[in-house]
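Understanding the architecture of this molecule
Next come the chains, spelled out residue by residue.
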Amino acid sequence: MVSNTDDGPENSDLRRLNSNFSWRPSNRVPSLNRRSTLAERTQGQFTVAGPDDTSNLRQSQEPFVQPGYAELNPSYDQPQNAKPVWSLAKPLPRVVRPGMVPTKEELIQNRQKAQLPAENSQKQGLDVDPNELEQGRVDVNVDPRKIAAQVEDARIQREENLVSKVLAGGEGLSRRPSRISRTSTSRERRPSNWEIPEDHLATVPEAVTPFETDGPGQHQQDYLGEYPFHHVSEEHPLPDAGLTGDATTQPVDSGLGDILESVYPNDLHPLVQDLVEKEVHNNHTAWSVIRTYHREALAESLAVFVQLTIGFCADLAVTLATTPSPNTTAWCWGLATMMAIYISGGVSGAHLNPAITIMLWFYRGFPKRKMPEYFLAQFIGAFCAGLVTYGVYYASIREYLIANSNVGIINSFVTSQRLHWIDAATAFFNEFVGTVLLGITILALGDDQNAPPGAGMNSLIIGLVITCLSMTFSYQTGAALNPSRDFGPRLALLAVGYSGDDLFKNAYWFYGPWAGAIGGAMVGGLLYDFMIFTGGESPINYPLERTQRAMVKSGRKWKGRYQRVKKVRLFSRRPKVSG
């Protein structure tokens, strides 16, 4: 029998608690570690930006994943950043473009005229360290020729090292590990394979993603090439100078000979393609297969539809109201843009604007083969947004037109000179300057070497930027800053019965949202890259002759494609000869 005479206050409290509540065993496993305080976790550095990104904080934001889910939905098991997405919701990808790497002919020429390290700089009377040059540490000099000599030496050394590492099987290439898979399962991944079938090297289109493979044994999206590199032993270094004649017929030795055969394309950039496997998709239904091949365009169209529907409804609400507030539309446009970027920022990038798509192609390597589909998606989304908005406000619009002209309704959908004293030059530069500022800001937010916002704040910030630009530039023209935002609803109004004279008689529809916005985006990208950006994917940051060579080669490639399509059409039109 146990005595209760020595019960202390703790036991008495326990008896009192048990008398009111039935005891149930807890499933929680008690932790042996003392819980840390906020001051300890932040080391006393309290900031308005919130606590540091710790492993516990990241884990708390992860969703619950039931075991077996990844086996039934394999695409969920793909790592983050498995493929490049030129997105307004996060930093822009880093890609190798044709102008950044030497062609086969340039490689042969460099080998024929082998130079000593920093030879060009020494010819200019400079005493420099080749290792310093390779790291880009070029001394400023009053003589531009001495600066150019150092830059050329640095570029040659980096390209030689790149080719040597690639031919050595990729050892030493810089890799950034992607985030570990989100799933809780431990399914083993197939490692990337360096082996390539003999006599086969895949050609790679523009905007190749370099070297960014996951950690050991992880998947990535095979973005551009299906086959990885052929492993070349380090025992076969690059051959010395002495190559003559045509590379496709001249016998060569060891490593370099493998890439100078006739099967090798004219450009070196297939050597730096991403060594990844094909992306995994779920594809549960027939429609999911179609969506897989057009997911980016569908996402882009949906985002544009959401953005413009909210924007047009806000403009109509202000126009039809008895006490309008112009700033209301600016806030609605900004928040609508934020919503659109959250909707498709991780899939299509949420460009929402053909001018932004063109800017990202020219300055950041967005694949030009995707541009037509993006343009079509953006215009279809804008057209549908105009029709839906008109249908939602149909009754109010009819009531408004009884006592008012249709100018207010048209201006709620499209942009134009809002006042009679706004001439063509003023309207053009209003759109031009506004899009210049938009382009600069988008590239700054996407530059991971500047000050990119974290925690998914890009969408909110760009929404606030659109709000600011709407308040600043909408007084004179309505601030389209976007060809599809103006042209799509023009077609929608034309479809519901508005006169073409009211919509297309004024040439502003072309020189404002089209010429002004596209020109402004290109100039904005030029200003940012010229003043701040250091990445090589911008044509501003590699030699002019390389840019010209890449453009000429691209033109030849597209011309060849056109000729092949033309031949196929002519062949299909030939009359069939009956047997």
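Residues numbered from 1 in each chain as written. Predicted model: local features only at pLDDT ≥ 70, side-chain atom pairs only at ≥ 80, totals over all residues. Heavy atoms only, no water.

Under an unreviewed UniProt entry, the chain has the name MIP transporter and belongs to Pochonia chlamydosporia 170. In UniProt, the chain has this text filed under Subcellular location (unreviewed entry): "Membrane". Entered under Sequence similarities (unreviewed entry) in the UniProt record, the comment concerning the chain runs "Belongs to the MIP/aquaporin (TC 1.A.8) family." (UniProt positions renumbered as here; feature names shortened; annotations may be inferred.)

1. Thoughts on the UniProt feature "transmembrane region" (unreviewed entry) in the chain
Under the present numbering, the feature "transmembrane region" (unreviewed entry) in UniProt falls on residues 341–363, 375–395, 424–445, 457–475 and 508–528. For the annotated span residues 424–445, helix accounts for 100% and strand for 0% of the residues, and the straight-line distance between the end C-alpha atoms is 32 Å. A helix fraction of 95% and a strand fraction of 0% characterise residues 457–475, whose end C-alpha atoms lie 28 Å from each other. (Helix = DSSP H or I, 4+ residues; strand = E, 2+ residues; numbered from the N terminus.)

2. Points about the confidence of the model for the chain
Predicted coordinates in regions of low pLDDT should not be interpreted in detail. Scored by pLDDT, the chain comes out at a mean of 76, with 68% of its residues at no less than 70. Residue range residues 1–6 is modelled with pLDDT below 50. Its contacts to residues more than four positions away, or to other chains, number zero contacts. Note on residues 14–24: pLDDT is under 50 here. Beyond four places in sequence and across chains, it has one contact. (pLDDT = per-residue confidence, 0-100. Contact = heavy atoms within 4.5 Å.)

3. Points about helix H20 (residues 508–531)
The axis of H20 is deflected most strongly, by about 30°, at glycine 516. The inward-facing, buried residues of H20 abut helix H12 (354–364), helix H16 (424–445), helix H17 (458–477) and helix H18 (483–495). (Bend = angle between axes of the 7 residues up to and from the residue.)

4. Notes on a nonpolar patch on the surface
On the surface, Leu526, Leu527, Phe530, Met531, Ile532 and Ile540 cluster together into a nonpolar patch covering about 580 Å² of accessible area. By the element assignment, isoleucine 532 lies in the loop between H20 and helix H21 (544–572). (Patch = residues over 30% accessible without salt bridge, like charges linked within 9 Å, V, L, I, M, F, W, Y side chains within 5 Å. Areas by Shrake-Rupley, 256 points an atom, 1.4 Å probe, with all protein chains shown as cover. Salt bridge = Lys/Arg side-chain N within 4 Å of Asp/Glu carboxyl O.)

5. Thoughts on the packing of aromatic side chains
Given two aromatic rings, their pairing is described by the distance between the two centres and the angle made by the two planes. Evaluation of the coordinates by the stated rule reveals 21 aromatic pairs. On the basis of an interplanar angle of 70° and a centroid distance of 6.1 Å, the ring pair of tryptophan 509 and phenylalanine 510 is categorised as edge-to-face. Three or more aromatic residues joined by ring pairs form one cluster here, namely Phe312, Trp333, Tyr390, Tyr394, Phe413 and Tyr498. The ring of phenylalanine 533 has arginine 364 sitting right over it, with the charged end atom 3.7 Å from the ring centre. (Phe/Tyr/Trp six-rings, centres within 6.5 Å; stacked < 30°, edge-to-face > 60°. Lys NZ or Arg CZ within 6 Å of the ring centre and 35° of its normal.)

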